[in-house]
Amino acid sequence: MFHGAVSLEIATGLKELQKRIRSAKIPSSKLDETLNLATWNIREFGKKHRKPAAIHYIAEIMGQFDIVSVVELRDDLTDLSRVLEILGPYWRVVYSDMIPDAGGNNERVAFVYDKRAATFTGLAAVASLPRKKDGTEYKPTFSWWRQPYMASFSAGNFDFVVVTAHIQWGTPAGRLKELQQFATWVQLKSQQEKLEDRDIIVT
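This write-up is about the structure you can find in this document. Computed from a predicted structure; not experimentally measured. (Residues numbered from 1 in each chain as written. Predicted model: local features only at pLDDT ≥ 70, side-chain atom pairs only at ≥ 80, totals over all residues. Heavy atoms only, no water.)

### Brief notes about the pairing of strand E4 (residues 107–114)
Next, step 1: Burial within E4 is extensive, with 8 of its 8 residues counted as buried.
Next, step 2: Side-chain alternation along E4 places Glu107, Val109, Phe111 and Tyr113 on one buried face and Arg108, Ala110, Val112 and Asp114 on a second face that is also buried.
Next, step 3: Pairing of strand E3 (residues 91–95) with E4, which is carried by 5 bridges, proceeds in the antiparallel orientation. From the neighbouring strand, Tyr95 faces E4, where its bridge partner is Ala110. (Buried < 20%, exposed > 50% of the residue type's maximum accessible area, 1.4 Å probe, protein only. Helix = DSSP H or I, 4+ residues; strand = E, 2+ residues; numbered from the N terminus. Pairing = 2+ DSSP bridges.)

Below you can see the structure in the form of structure tokens.
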């Protein structure tokens, strides 16, 4: 990680953040031994450019993990690029297209990862909904506000798919319904005859 020449205020903030991270006892990542995953809803990340301090703090937190699923990443990727620059040359990102409507909120999903710990192996896609034939068309049997996003990785001999969903923020009943639909999708996916890998990690 390369924070570079920062102000006294940012340096002080980073020291306090590092102290809190140590207190949280987040397991340290050990190459070829462990794989630390996290999911993070960074509220409206990219809607307005974050101040330098916030970018440094976000990078410091992400750097504690090997793969970080990020939701609420907006259409503007400038701040994400600023974070990756601090994380350093070993870090990469795979992200979805943004959803250009009120329900999708111009949001994306991203997987930020350290390529020394995990290798992206090719699959990156939104979750395909189950469909039924209706006349001459095939129509989804249900829908989400924002489609879950998945990507395939390998870490040593372990091949796996990470899938992340940003469940709707509406009523408890609406959230429950969408969570149940997501669980149904994961179950159907795991039962497919041919899969990229049967190890599916939901973050």
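### Description of the sheet that holds E3
Next, step 1: Strands sit in the order E1-E2-E4-E3 across an open sheet of 4 strands; the sheet is mixed. Only two strands of the sheet have a single neighbouring strand rather than two, namely strand E1 (37–45) and E3. Across the sheet, the mean angle separating the axes of adjacent strands is 25° when strand polarity is ignored.
Next, step 2: Where strand E2 (residues 67–74) meets E4, 7 bridges bridge the pair, whose relative direction is antiparallel. Residue pairing across strands places Arg74 opposite Glu107, the latter belonging to E4.
Next, step 3: Sitting on the sheet, helix H2 (residues 52–62) is in contact with E1, E2, E3 and E4, with an inclination near 165° to E1. (Axes fitted to C-alpha atoms, helices over the stretch in contact; angles between N-to-C directions. Contact = heavy atoms within 4.5 Å.)

### Description of the packing of H2 against helix H3 (residues 78–87)
Next, step 1: Where H2 contacts H3, the two axes come as close as 9 Å, and the packing angle between them is 60°. The orientation of H2 relative to H3 falls into the category oblique. Where H2 crosses over H3, the two elements pack in a sense that is right-handed. Residues Pro52, Ile55, His56, Ile58, Ala59 and Met62 of H2 form the contact with H3, whose own contacting residues are Asp79, Arg82, Val83, Ile86 and Leu87.
Next, step 2: Class assignment for the residues of the contact of H2 with H3 results in 8 nonpolar, 1 polar and 2 charged. (Parallel < 35°, antiparallel > 145°, perpendicular 65-115°, else oblique. Left-handed = near helix turned anticlockwise from the far one by under 90°. Nonpolar A, V, L, I, M, F, W, Y, C, P; charged D, E, K, R; others polar.)

### Quick look at H2
Next, step 1: What H2 keeps buried is the set Ala53, Ile55, His56, Ile58, Ala59, Glu60 and Met62.
Next, step 2: Along its buried surface, H2 packs onto helix H1 (8–24), E1, E2, H3, E3 and E4.

### Some thoughts on the sheet that holds strand E10 (residues 200–202)
Next, step 1: Within the open sheet, the 4 strands sit side by side as E5-E8-E9-E10. Their pairing is mixed. Every interior strand has two partners, whereas the edge strands, strand E5 (119–126) and E10, have only one. Averaged over all pairs of adjacent strands, the angle between strand axes in this sheet comes to 25°, irrespective of strand direction.
Next, step 2: Relative to strand E8 (residues 149–155), E5 is paired through 5 bridges, and the arrangement is antiparallel. Among the inter-strand pairings, Val126 is bridged to a residue of E8, identified as Tyr149.
Next, step 3: In the packing of helix H4 (residues 172–190) onto the sheet, the strands contacted are E8, strand E9 (158–164) and E10, and the crossing angle to E10 comes to about 170°.

### With respect to the side chain of Ser154
Next, step 1: Mapping Ser154 onto the fold places it in strand E8.
Next, step 2: Non-local contacts of Ser154, meaning those with residues more than four positions away in its chain, are made with Ala117, Ala118, Thr119, Thr121, Asp159 and Phe160.

### Comments concerning the pattern of salt bridges
Next, step 1: A full pass over the atoms with the stated rule returns 7 salt bridges.
Next, step 2: The salt bridge partner of Asp79 is Arg82, with a shortest N-O separation of 2.7 Å. Taken together, the residues Asp79 and Arg82, both in helix H3 and 3 residues apart, mark about one turn of the helix.
Next, step 3: Since its relative accessible area comes to 1%, Asp79 is described here as buried. (Salt bridge = Lys/Arg side-chain N within 4 Å of Asp/Glu carboxyl O.)

### Notes on the nonpolar core
Next, step 1: Ranked by internal contacts, the top residues of the largest apolar core, which has 20 residues, are Phe45, Met62, Val70, Val83, Leu87 and Val112.
Next, step 2: Taken together, the elements giving at least two residues each to this core come down to E1, H2, E2, H3 and E4.
Next, step 3: When residues of this core are assigned to their parent elements, the largest contribution, 5 residues, is made by H3. (Core = buried A, V, L, I, M, F, W, Y, C linked by side-chain atoms within 4.5 Å.)

### Let's talk about the packing of aromatic side chains
Next, step 1: Evaluated as defined, the whole model comprises 9 aromatic pairs.
Next, step 2: Measuring from centroid to centroid gives 5.7 Å for Phe111 and Tyr149, while their planes differ by 15°, and the two rings are stacked. Here the residue Phe111 occupies a position in strand E4, and Tyr149 occupies one in strand E8, the gap between them amounting to 38 residues. A single burial state applies to Phe111 and to Tyr149, both of which are buried.
Next, step 3: Note on Tyr113 and Phe153: the rings are 5.2 Å apart at their centroids and 70° apart in plane angle, and the pair reads as edge-to-face. In this pair, Tyr113 is assigned in strand E4 and Phe153 in strand E8, connecting sequence segments 40 residues apart. (Phe/Tyr/Trp six-rings, centres within 6.5 Å; stacked < 30°, edge-to-face > 60°.)

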